[in-house]
Amino acid sequence: MTESVTKERVVLFEEFRQALEACDRGKAEKVFLQTLDLGSPLEMVESLIVPTLERIGGDWETGRIALSQVYMSGRLCEDLMGRILPVEGQEEAKDGQPRRAIVVLNDYHMLGKRIVYSVLRASGFHLMDYGRLDTDELVARIISDRVDELLISVLMLPSALKVRKVRHALKARSVDVRILVGGAPFLFDPELWREMEADAMGKNAADGIRILRQWQGEKS
Ligand code: B12
C-alpha cells in the first residue's frame, strides 16, 4: 500500500468514527461509500466497521461517550451493512453438505452474526439462520433440524457462559454437534471457548471459513 493510500485510509476511518459518534447518517454513508474504493465491501466491513465499533465500545466504557451513541452507531452500521451484504433469509440444508446453523445466543448484538453469515454464504457454505434464540429454543431447533455444525455468536459474557449449557443439554440427549463460537468474550479470554466445551473459536468471518473447510477436510 502506498503512503498516500494509507493516509487516505486513516483520514476516512477517522471521519467515519466521528460521523457515527455524531449520529450523522448522511456523512457516515458518504464516507463509507468512499472507502469502498479502497477494498471490497467485505474487507471494508471487517477493517472499518468492526474496529470502529470496538473503539466506540471502548469509549463508552471509559465514559467518553453515551450509550445512546453506541446504540445509534450500531443501528447506522446495521443499515450500511444491509445495503452491501447479501440478503439474509432462511435457507434449507443442501445435500452433500453438513447441516449447519448460525445463531445469536441470548444477546442482542446481531452484527457479528450478520457478517459471518453473509461471508459464509458468499463463499459457498449453506447454513440456516436461526436469528436470536435462548438455550432451550436452540437445543430444540438443533434436534428437530438434525444440525451437524452449529455456529454461535455472542458478545456478552453471560451469553458466552451459556454455550456450555447448550453443550450439556445436547450431550444429555446424546446429540453430537460440532460447535464453532465467536464474538467479543472469546477474544477477551482466548481459553474461554475450551472451558465452554466448544470445538473451535473464530476471531472473524475469515476464520469461520477456514475452520469449516478444515472440518470438511477431516470428513472426506
Ligand atoms: C454496537 C454495540 C451494541 C449495540 C448492538 C446493536 C446491534 N444491532 O447489534 C447496542 C447498543 C444495542 C448494544 C447494547 C448493549 N451492549 Co453492546 N456493544 C456494541 C459494540 C460497541 C460493538 C459490537 C458490534 O456490533 N461490533 C461489530 C461486529 C461486526 O463485530 P463482532 O460482533 O465482534 O463480530 C466479529 C467477530 O467478533 C467475529 N464473530 C462474531 N460472532 C461470531 C461467530 C462465529 C461463529 C465466528 C467464526 C466469528 C464471529 O466475526 C465478526 C466479524 O469480524 C461492543 C464493543 C465490542 N468491543 O465489541 C459493545 C459490547 C459488546 N456491549 C456491551 C454491553 C455491556 C452492552 C449492554 C449491556 C449495554 C447496556 N448497559 O445496556 C447492552 C446489552 C444488549 C444485550 N442484552 O445484548 C459490552 C459487553 C461486555 C461483556 N463482555 O459482557 C461491550 C463489549 C462494550 C464494552 N466494551 O463493555 N451494544
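Everything quoted here is computed from the prediction, not taken from an experiment.

### Focus on the packing of aromatic side chains
- Inspection of the entire model under this criterion finds 1 aromatic pair.
- Measuring from centroid to centroid gives 6.2 Å for Phe16 and Phe32, while their planes differ by 40°, and the two rings are tilted. Within this pair, whereas Phe16 is found in helix H1 (residues 3-21), its partner Phe32 is found in helix H2 (residues 25-35), the two being separated by 16 residues in sequence. Here Phe16 and Phe32 have matching classes, each one buried.
- Lying across the ring of Tyr108, Arg132 places its NZ or CZ 4.0 Å from the centre.
- Taking the ring centre of Tyr130 as reference, the NZ or CZ of Arg141 above it sits at 4.0 Å.

### Let's talk about the nonpolar core
- Counting 36 residues, the largest nonpolar core has Phe16, Leu120 and Leu151 as the members making the most contacts within it.
- Among the elements of the structure, H1, H2, helix H3 (41-61), helix H4 (67-84), helix H5 (111-122) and helix H11 (205-219) are those that each provide at least two residues to this core.
- Looking at which element gives the most residues to this core, the answer is H5, with 6 residues.
- Two domains share this core, each providing at least three of its residues, namely domain 1 (3-84) and domain 2 (100-219).
- Dropping the residues within four chain positions of it, Leu120 is found in contact with Phe125, Leu127, Leu151, Gly208, Ile209 and Leu212.
- In terms of nonpolar packing, the next biggest core, distinct from the first, is built from 27 residues, Ala101, Leu105, Leu150 and Ala160 among them.

### Some words on the domain arrangement of the chain
- Here the chain is partitioned into domain 1 (3-84) and domain 2 (100-219).
- For domain 1 and domain 2, the distance between their C-alpha centroids amounts to 26 Å.
- Listed as interface residues are 10 residues of domain 1 and, on the opposing side, 6 residues of domain 2.
- Regarding the contact of domain 1 and domain 2, the summed buried area is about 660 Å², with carbon and sulfur atoms giving 78% of it.
- At the boundary of domain 1 and domain 2, one finds 0 salt bridges.
- Applying the counting criterion to the domain 1 and domain 2 interface returns 1 residue pair in polar contact (both at pLDDT 80 or more).
- At the level of secondary structure, the elements contributing two or more residues to the side of domain 1 that touches domain 2 comprise H3 and H4.

The rules we used
Residues numbered from 1 in each chain as written. Predicted model: local features only at pLDDT ≥ 70, side-chain atom pairs only at ≥ 80, totals over all residues. Heavy atoms only, no water. Phe/Tyr/Trp six-rings, centres within 6.5 Å; stacked < 30°, edge-to-face > 60°. Helix = DSSP H or I, 4+ residues; strand = E, 2+ residues; numbered from the N terminus. Buried < 20%, exposed > 50% of the residue type's maximum accessible area, 1.4 Å probe, protein only. Lys NZ or Arg CZ within 6 Å of the ring centre and 35° of its normal. Core = buried A, V, L, I, M, F, W, Y, C linked by side-chain atoms within 4.5 Å. Domains from an automatic or database assignment. Contact = heavy atoms within 4.5 Å. Buried area = accessible area lost by both parts, 1.4 Å probe. Salt bridge = Lys/Arg side-chain N within 4 Å of Asp/Glu carboxyl O. Polar contact = N/O pair within 3.5 Å; in protein donor to acceptor, adjacent residues only side chain to side chain.

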